[in-house]
Each structure stands twice: as structure tokens, then as C-alpha cells.
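Close look at the chain arrangement
These are the residues of each chain, in order.
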Amino acid sequence: VAYENPPGRWGALVAHLKGRFDIGGATTFWESASQLVGEETRRIVIDMSGVTMLTSAGLGILVRLLSRLKDCDGGLAIFGCNDKVREIIGLVMLIDILKVRDSENEAWDALHP
């Protein structure tokens, strides 16, 4: 996981994920991301363009992170999913809840309806 503070977006991070988002990858992501959520980070946009596999454990961590962000009046959006990852998110009907979008700009826009 690599994080960046996007210019002009206070209280926000972009998380770039790579590889398998299974129990191992999801746990590692949760351990780092959950520590960042709070007063200074209330919005996270996740770049999943490097994710090759998504499991139920990964989905669970995404929902858990969303819940944590909402507790801080924040939000979460996702972009860059390949067809397989997007299909998995769609099968469990989380496309709208996780605000899955095609581009980073669309993901940021989804956090500001």
C-alpha cells in the first residue's frame, strides 16, 4: 500500500493498492489505513488499478473502513478496478455503497454529491 496526500484536498488520502487483496493484503491495508483515519483523514480514495484479485476478506475490510470513515463524518470511494474486481464488487451489490467509479476524478466527485 502506498498513500499520497492529493494537492488541495485537506483531510484526504489516496491509497494505491497492488496485488492480491485477500486476507493477507486486506489485513495489512487495514492495519495501516485504520491508523490514519481521524480528524486529519476523513476521506480516502482507493486506487485499485493494481489489484489482481479481490476476496471476501478484502471486501470486508473495505466495508469496515467505510464504516470507520463514516464515524468521522467522512467517506470512501474506489476507482481503477479491472473487470473481474468490479464484477465481484457488483455481485455483492456494493458498487454504490463503496462508490466505485472509473477514474480518480469521478471518485473524488462521488465524495461530494
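Report on the accompanying structure. (Residues numbered from 1 in each chain as written. Predicted model: local features only at pLDDT ≥ 70, side-chain atom pairs only at ≥ 80, totals over all residues. Heavy atoms only, no water.)

1. A word on the pairing of strand 2 (residues 12-21)
Two faces belong to every sheet, and in a regular strand the side chains alternate between them. Counting buried residues in strand 2 gives 7 out of 10 residues, a clear majority hidden from the surface. Relative to strand 2, strand 1 (residues 2-4) runs antiparallel, the two sharing 3 bridges. In the sheet register, Glu4 faces strand 2, and the bridge partner there is Val14. As defined by bridge partners, strand 2 adjoins strand 3 (residues 43-54) across 9 bridges and the pair is classed as parallel. In the sheet register, Arg20 faces strand 3, and the bridge partner there is Met53. With helix 1 (residues 23-36) bridging strand 2 and its parallel neighbour strand 3, the resulting β-α-β unit is right-handed. (Buried < 20%, exposed > 50% of the residue type's maximum accessible area, 1.4 Å probe, protein only. Helix = DSSP H or I, 4+ residues; strand = E, 2+ residues; numbered from the N terminus. Pairing = 2+ DSSP bridges. Right-handed = clockwise from strand over helix to strand, strands pointing away.)

2. Overview of the nonpolar core
Burial of nonpolar side chains together is a common tendency in soluble globular proteins. If you look at the biggest cluster of nonpolar residues, it comprises 28 residues, and the most contacted ones within it are Phe21, Phe29, Ile46, Met48 and Leu65. Only strand 2, helix 1, strand 3, helix 2 (56-71), strand 4 (75-79) and helix 3 (83-91) provide two or more residues apiece to this core. Ranked by the residues each element gives to this core, the list is headed by helix 2, at 6 residues. (Core = buried A, V, L, I, M, F, W, Y, C linked by side-chain atoms within 4.5 Å.)

3. Observations regarding the sheet that holds strand 5 (residues 100-101)
In sheet architecture, strand pairing relies on hydrogen bonds along the backbone and comes in two forms, parallel and antiparallel. Reading across from one edge, 1-2-3-4-5 is the order of the 5 strands in this open sheet, with mixed pairing throughout. Of all the strands in the sheet, the pair left with one neighbour each is strand 1 and strand 5. Its contacts with the sheet put helix 1 on strand 1, strand 2 and strand 3, and the angle it makes with strand 2 is roughly 170°. (Contact = heavy atoms within 4.5 Å. Axes fitted to C-alpha atoms, helices over the stretch in contact; angles between N-to-C directions.)

4. Considerations on the pattern of salt bridges
Counting across every chain of the model gives 2 salt bridges. Put simply, Asp102 and Arg86 hold a salt bridge, and the shortest N to O gap is 3.3 Å. Of the two residues, Asp102 is situated in the loop between strand 5 and helix 4 (104-110) and Arg86 in helix 3; the sequence distance between them amounts to 16 residues. (Salt bridge = Lys/Arg side-chain N within 4 Å of Asp/Glu carboxyl O.)

5. Observations concerning the packing of helix 1 against helix 2
Two numbers describe how helix 1 lies on helix 2: the axes approach to 8 Å, and their chain directions differ by 15°. The orientation of helix 1 relative to helix 2 falls into the category roughly parallel. Two packed elements cross with a definite hand, and for helix 1 against helix 2 that hand is right-handed. Counting all contacts with helix 1, which are made through Ile23, Ala26, Phe29, Trp30, Ala33 and Ser34, the residues of helix 2 involved are Ala57, Gly58, Ile61, Leu62, Arg64, Leu65 and Arg68. Of the residues contributing to the contact of helix 1 with helix 2, the split by class is 9 nonpolar, 2 polar and 2 charged. (Parallel < 35°, antiparallel > 145°, perpendicular 65-115°, else oblique. Left-handed = near helix turned anticlockwise from the far one by under 90°. Nonpolar A, V, L, I, M, F, W, Y, C, P; charged D, E, K, R; others polar.)

6. Brief notes about the packing of aromatic side chains
A complete count under the given rule lists 1 aromatic pair for this structure. Relative to Phe29, the ring of Phe21 has its centre 5.8 Å away and its plane inclined at 65°; by these criteria the two rings are edge-to-face. You can call Phe29 buried: its relative accessible area is 0%. (Phe/Tyr/Trp six-rings, centres within 6.5 Å; stacked < 30°, edge-to-face > 60°.)

The values reported here are purely geometric and, on their own, carry no functional implication.
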